[in-house]
Amino acid sequence: MRQMPLNARGIPASRLVLGCMPFGGEWDRSPLTEERTRQCEAAVEAALEIGINMFDHADIYTWGKSEEAFGRMLKARPQMRDQMILQSKCGIGMADGTLPARFDFSRDHILESVEGSLQRLNTDHLDILLLHRPDPLMEPEEIAEAFGRLKASGKVRYFGVSNMSEAHIRFIESALTDKLIVNQLEMGLGRLDFVEETVRVNQTKGTQVNFSQGLMEFSRSANIQLQAWGPLAQGRFTGKDVSAEPEPVRKTAELVTKMAEERHTTREAIVLGWLMKHPALIQPVIGTMNPERIKACADAQQQADQMSREDWYRLYMTARGD
Ligand SMILES: NC(=O)c1ccc[n+]([C@@H]2O[C@H](COP(=O)([O-])OP(=O)(O)OC[C@H]3O[C@@H](n4cnc5c(N)ncnc54)[C@H](OP(=O)(O)O)[C@@H]3O)[C@@H](O)[C@H]2O)c1
């Protein structure tokens, strides 16, 4: 079985990851409130309570406020840092009136971005740094120079990517000393493309799939840890009002509720269990800040372990609209 990334103390990452995108509140330049900081603490406490020790950030989330909120918490409780795996991302430049939205994998952008993340998070190192989305202007040698400096200075321990294909990974790795260890993509019962891509060969159905060809199989052979963003389908199968959604969404929500009742578990555990049963050993990056919803994910691994092939396919076919 693949070994999860370890933190500097040798503690392995949990299978579930808490996504910290909403930690900063609104996507604007308004200051971070004390109330928001307290909400973040409550979310992290709920996560730790169910064994989650890995936290996902990006330099751009709520214009840096999400990392800042997390950093305030770490400043008040510095002993927590050693127990955690902290991951952040760089490589996206936000449109801000004068500059356009852009990607930037230049050496200087990567180095400056990490400095900013370390400062906001109140830590001296990131366990993992991901390149957020492919930059068509990327030069692998520049990325390698930035990664080399970050590794040598101890500021970043491992590197990975997000929303990338096998070709991107091979291209970037061509200049790197270390292998990329993570690829984070949208995957889940609400975004089936990662499964559709595998089954669509010589099939007419599934030709609208928006997922890189062969990526699941490549990732498994190359031992790349896949992480799923959007794993709770933004609540569509776990209690959000879906009366105006298409039939497959409504039927999937009904089926998830029925399965949760029969198994005496939560809807979140069924939805995540479905994703975690996939043999790629995907790490779901859950994006809820609600402590009760976070705790409702606790049973996900057990549901994955107990889910039959037939139940897995029942959920898949229903979500697919078959
Ligand atoms: N690499 C990338 O390009 C990328 C892109 C997007 C996100 N991410 C990462 O992935 C994480 C998760 O992404 P996500 O937020 O799309 O995933 P998600 O876990 O599928 O959805 C979480 C969202 O759904 C809401 N939600 C969950 N259950 C609900 C319910 N029963 N009723 C109403 N609302 C419900 C949550 O609100 P509450 O907080 O109110 O529960 C939250 O806004 C992010 O935090 C970020 O770290 C990465």
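Residues numbered from 1 in each chain as written. Predicted model: local features only at pLDDT ≥ 70, side-chain atom pairs only at ≥ 80, totals over all residues. Heavy atoms only, no water.

Undergrad: Where do I start with the overall build of the protein in this structure?
TA: Secondary structure summary: the protein contains twelve helices and ten strands in total. Projected onto its principal axes, the C-alpha coordinates of the protein cover approximately 50 × 45 × 45 Å. With 322 residues in all, the protein has 52% of them scored as buried. Across the protein, every contact between residues at least 6 apart in sequence was considered, and the portion connecting residues at least 24 apart equals 75%. Surface exposure of the protein reaches about 14,800 Å², of which carbon and sulfur atoms provide 49%. (Helix = DSSP H or I, 4+ residues; strand = E, 2+ residues; numbered from the N terminus. Buried < 20%, exposed > 50% of the residue type's maximum accessible area, 1.4 Å probe, protein only. Contact = heavy atoms within 4.5 Å. Areas by Shrake-Rupley, 256 points an atom, 1.4 Å probe, with all protein chains shown as cover.)

Undergrad: Looking at this structure, I do not really get the sheet that holds strand β6 (residues 126-131). What am I missing?
TA: Whether parallel or antiparallel, the strands of a sheet pair through hydrogen bonds between backbone atoms. Spatial strand order, β1-β2-β3-β6-β7-β8-β9-β10: eight strands in a closed barrel with parallel pairing. Going from strand to strand, the sheet's axes swing by 30 degrees on average, the running direction of each strand aside. (Pairing = 2+ DSSP bridges. Axes fitted to C-alpha atoms, helices over the stretch in contact; angles between N-to-C directions.)

Undergrad: Honestly, the site of the ligand in this entry has me stumped. Any pointers?
TA: Around the ligand lies a shell of 28 residues, among which D56, Q234, G287, T288 and R293 are the nearest. In this structure, N163 approaches the ligand through a side-chain N or O atom, which is 2.9 Å from an oxygen atom. In the model, a nitrogen atom of the ligand is placed 3.0 Å from a nitrogen or oxygen of the T238 main chain. For the ligand, the protein covers 83% of the area, taking 910 Å² as the surface of the free molecule. Of the residues that constitute the shell around the ligand, the class distribution is eleven nonpolar, twelve polar and five charged. (Near = heavy atom within 4 Å. Polar contact = N/O pair within 3.5 Å; in protein donor to acceptor, adjacent residues only side chain to side chain. Nonpolar A, V, L, I, M, F, W, Y, C, P; charged D, E, K, R; others polar.)

Undergrad: Just checking my understanding: could you explain the packing of aromatic side chains for this structure?
TA: Describing an aromatic ring pair means giving the distance of the ring centres and the angle of the ring planes. Throughout the structure, instances matching the rule amount to nine aromatic pairs. Between W312 and Y316 the ring centres are 5.7 Å apart and the planes differ by 45 degrees, which places this aromatic pair in the tilted class. Of the two residues, W312 and Y316 both sit in helix α12 (residues 309-320), four residues apart, roughly one turn of that helix. Comparing W312 with Y316 shows no difference in burial state: the two are buried. An aromatic cluster of at least three residues, connected via ring pairs, comprises F194, W274, W312, Y313 and Y316. (Phe/Tyr/Trp six-rings, centres within 6.5 Å; stacked < 30°, edge-to-face > 60°.)

Undergrad: I tried to follow helix α4 (residues 140-152) on my own but got confused; where do I start?
TA: Owing to its 3.6 residues per turn, the α-helix aligns residues three or four sequence positions apart on the same side. Given a rise of 1.5 Å per residue, 13 residues ought to cover 18 Å, and the 18 Å separating the end C-alpha atoms of α4 matches this to within 8%. For α4, every residue scored as buried is listed here: P140, I143, A144, A146, F147 and L150. With its buried residues spanning 165 degrees around the axis, α4 presents them on a single face. Within α4, the exposed residues directed more than 90 degrees away from the buried face are E141 and A152. At its buried positions, α4 is contacted by α3 (107-121), β6, β7 (156-162) and α5 (166-173). Looking one or two places after α4, you find G154, whose phi comes out positive at around 80 degrees. (Expected span 1.5 Å × (residues − 1). Arc of directions from axis to C-beta.)

Everything listed here is a matter of geometry and, on its own, says nothing about what the molecule does.
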